[in-house]
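Geometric and topological summary
Next come the chains, spelled out residue by residue.
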Amino acid sequence: MILSKKEKLMMNAVYSIASPKGQCLATGVELLSLIPYKNDFREEDVEKTLEALKVEGYFEYDKAKRKDETVYCIVLREKGLSYERDKLKSRRKLILRLALTVICALLGWAVKEIISAIIA
């Protein structure tokens, strides 16, 4: 399943603060502070995005209250632990596709030039 932009931003934030075992405690404000300001991500979007990622199977989380602030106890699942590797793999795949497209375009142009040189 392809993640939405907000889900990708949230996964980047969660992954960056998670321990090597894939566990972390974070408040909504802490998660928002890890998301670049240029993105339209509000505090009310945090809960919805976390729930969507939970449904997708990236992690499990529970909510707890600490000093009138909601704290999320997040534990990454296998899909969440491999998030960074999958992101790099898809980036390599995109670069390969772009390179293949450019090579095919150049090959097509070369064939066209050869054919027009033979005919002329």
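Calculation rules
Residues numbered from 1 in each chain as written. Predicted model: local features only at pLDDT ≥ 70, side-chain atom pairs only at ≥ 80, totals over all residues. Heavy atoms only, no water. Pairing = 2+ DSSP bridges. Helix = DSSP H or I, 4+ residues; strand = E, 2+ residues; numbered from the N terminus. Axes fitted to C-alpha atoms, helices over the stretch in contact; angles between N-to-C directions. Contact = heavy atoms within 4.5 Å. Phe/Tyr/Trp six-rings, centres within 6.5 Å; stacked < 30°, edge-to-face > 60°. Buried < 20%, exposed > 50% of the residue type's maximum accessible area, 1.4 Å probe, protein only. Lys NZ or Arg CZ within 6 Å of the ring centre and 35° of its normal. Parallel < 35°, antiparallel > 145°, perpendicular 65-115°, else oblique. Nonpolar A, V, L, I, M, F, W, Y, C, P; charged D, E, K, R; others polar.

1. Topic: the sheet that holds strand 3 (residues 69-76)
- Sheet architecture is open: three strands sit in the order 1-3-2, paired in antiparallel fashion. Among the strands making up the open sheet, the edge pair consists of strand 1 (23-27) and strand 2 (59-66). Sheet twist, expressed as the mean angle between neighbouring strand axes with direction ignored, is 25°.
- Sheet topology places strand 2 next to strand 3; eight bridges connect them, and they run antiparallel. Looking at the pairing, Tyr61 lines up with Ile74 of strand 3.
- Sheet contacts for helix 1 (residues 5-17): strand 1, strand 2 and strand 3; angle to strand 3, the most-contacted strand, approximately 80°.
- This element, helix 3 (residues 43-56), spans strand 2 and strand 3 of the sheet and lies at about 145° to strand 2.

2. Points about the packing of aromatic side chains
- As enumerated under the stated definition, the model contains four aromatic pairs in all.
- Considering the side-chain rings of Phe59 and Tyr61, the 6.3 Å spacing of their centres and the 70° angle between planes classify their relative orientation as edge-to-face. The pair Phe59 / Tyr61 is uniform in exposure class, with both members buried.
- By way of ring pairs, the aromatic residues Tyr15, Tyr58 and Tyr83 are connected into one cluster.
- Positioned over the ring face of Phe41 is Lys6, at 5.7 Å from the centre of the ring.
- Directly above the ring of Tyr61 sits Lys54, whose terminal nitrogen or CZ lies 5.2 Å from the centroid.

3. Description of the packing of helix 1 against helix 3
- Viewed as axis vectors pointing N to C, helix 1 and helix 3 meet at an angle of 85°, and their least axial separation amounts to 10 Å. Here helix 1 lies roughly perpendicular to helix 3, going by the angle between them. For the pair helix 1 and helix 3, contact is made by Lys6, Glu7, Met10, Met11 and Val14 and by Asp45, Val46, Thr49, Leu50, Ala52 and Leu53, respectively.
- Taken together, the residues of the contact of helix 1 with helix 3 sort by class into seven nonpolar, one polar and three charged.

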